[in-house]
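Listed below, chain by chain, are the residues.
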Amino acid sequence: MLAKTKKIIKRVAIFGDAEAKKTDQHFIDAFNTAKLLAENGYIIVNGGGPGVMLAATLGAKAGNGEAEIVVLDPKYKPDNYEGSDANNSQLADKIIKTKNYPDRLNKLIEIGDAFVIFNGGVGTLSEVGLTWEMAKFEYGKHEPLIFFGKELEELVDELITKLKYDSVEKKVYETVLTPEEVLKTIKNRRGKSKRERKGWMEKIQKWFN
C-alpha cells in the first residue's frame, strides 16, 4: 500500500506499451487517465513514443492540459527503438531531447512527480525498476508508483509475495483499476485504506461468482 508522501505532485509520468493500438483497453485507460489528470491541473509526461505514450499526450490535450515528452535525439537513436512518434511530438507542449536511453529514462524520472504504469514490455519494466528503487531512497517524500489494471495488480502482488521486498519497498506503490482511483491517489498522496481494499476484493469475488 502507498504510504503518505510529502511529495508535491505537479507532473505525472505515464509508462506503458509502445505497441498498444487505439482499440486496446490499456490505450483507452491511459487516454482516460491522462485526460482526467489534465482536467484537474496536472501536467502529463511521457517518453514521446506511440502506444500508451501517445495515448497519454492525446488524453492531456483532450483534457485541455499540457504534455511534456522526453525523447532520444534522432541522431543517437539505436536499432529496434520503438519510442518515437511524430504525432506525439507534434502535439507535445515541451520536448526534451537526450543522447541515449539511460539519459532518457533518468530525465523522465527526474521530472515526474508520480508515475502511472500500464501494461507494457521490457522498456516499461526498466522504468518500473528504477522508479521503484528511487522511491525507496526518497521515502517520506517518495514519488508514488501507481500500477493500473487487474493484470498489473496480480503481477505486483506476485512480485511482493515471491521476491525479497523490504518493508519500505512495499509502501511506495499502489494498484488501481480506474482513472478516478489514479486521481484520488495522486490528490491524497496516499493509497487506499484496508477497508477500501477489502471492498474491492469483495467486488472482484462477486464478479467471478
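Residues numbered from 1 in each chain as written. Predicted model: local features only at pLDDT ≥ 70, side-chain atom pairs only at ≥ 80, totals over all residues. Heavy atoms only, no water.

(A) A look at the packing of helix H1 (residues 25-39) against helix H7 (residues 179-188). Relative orientation of the contacting elements H1 and H7 amounts to 40 degrees, with a least axis distance of 9 Å. The angle between H1 and H7 falls in the class oblique. When the axes of H1 and H7 are compared, the crossing they make is right-handed. When H1 is examined against H7, the residues Asp29, Asn32, Thr33, Leu36 and Leu37 are found in contact with a partner set consisting of Pro179, Glu180, Val182, Leu183 and Ile186. (Axes fitted to C-alpha atoms, helices over the stretch in contact; angles between N-to-C directions. Helix = DSSP H or I, 4+ residues; strand = E, 2+ residues; numbered from the N terminus. Parallel < 35°, antiparallel > 145°, perpendicular 65-115°, else oblique. Left-handed = near helix turned anticlockwise from the far one by under 90°. Contact = heavy atoms within 4.5 Å.)

(B) Layout of the packing of aromatic side chains. With the rule as written, the count across this model stands at six aromatic pairs. Summarising the aromatic geometry, the rings of phenylalanine 15 and phenylalanine 115 are spaced 5.6 Å apart at their centres and angled 20 degrees between planes, so their arrangement reads as stacked. You can see phenylalanine 15 sitting in strand E1 (residues 11-15) and its partner phenylalanine 115 sitting in strand E5 (residues 114-117), a full 100 residues away along the chain. Exposure class is identical for phenylalanine 15 and phenylalanine 115. Each is buried. One aromatic cluster in this structure is built from Trp132, Phe147, Tyr165 and Tyr173. (Phe/Tyr/Trp six-rings, centres within 6.5 Å; stacked < 30°, edge-to-face > 60°. Buried < 20%, exposed > 50% of the residue type's maximum accessible area, 1.4 Å probe, protein only.)

(C) Looking closely at the pairing of strand E6 (residues 145-148). Residues Leu145 and Phe147 of E6 are buried on one face, and the alternating residues Ile146 and Phe148, pointing to the opposite face, are buried as well. Pairing of E5 with E6, which is carried by three bridges, proceeds in the parallel orientation. Bridging from a neighbouring strand, phenylalanine 115 pairs with leucine 145 of E6. Handedness of the crossover joining E5 and E6 through helix H5 (residues 122-137) is recorded here as right-handed. Taken together, the four bridges between E6 and strand E7 (residues 173-176) define a ladder with parallel strand orientation. What sits directly across from isoleucine 146, in E7, is glutamate 174. (Pairing = 2+ DSSP bridges. Right-handed = clockwise from strand over helix to strand, strands pointing away.)

(D) Examining the environment of threonine 161 more closely. Mapped onto the secondary structure, threonine 161 falls in helix H6 (residues 150-162). The spatial distance from the C-alpha of threonine 161 to the C-alpha of aspartate 73 is 40 Å, given a sequence separation of 88 residues. Among the polar contacts listed, one links the side chain of threonine 161 to the backbone oxygen of aspartate 157, at a separation of 2.8 Å. (Polar contact = N/O pair within 3.5 Å; in protein donor to acceptor, adjacent residues only side chain to side chain.)

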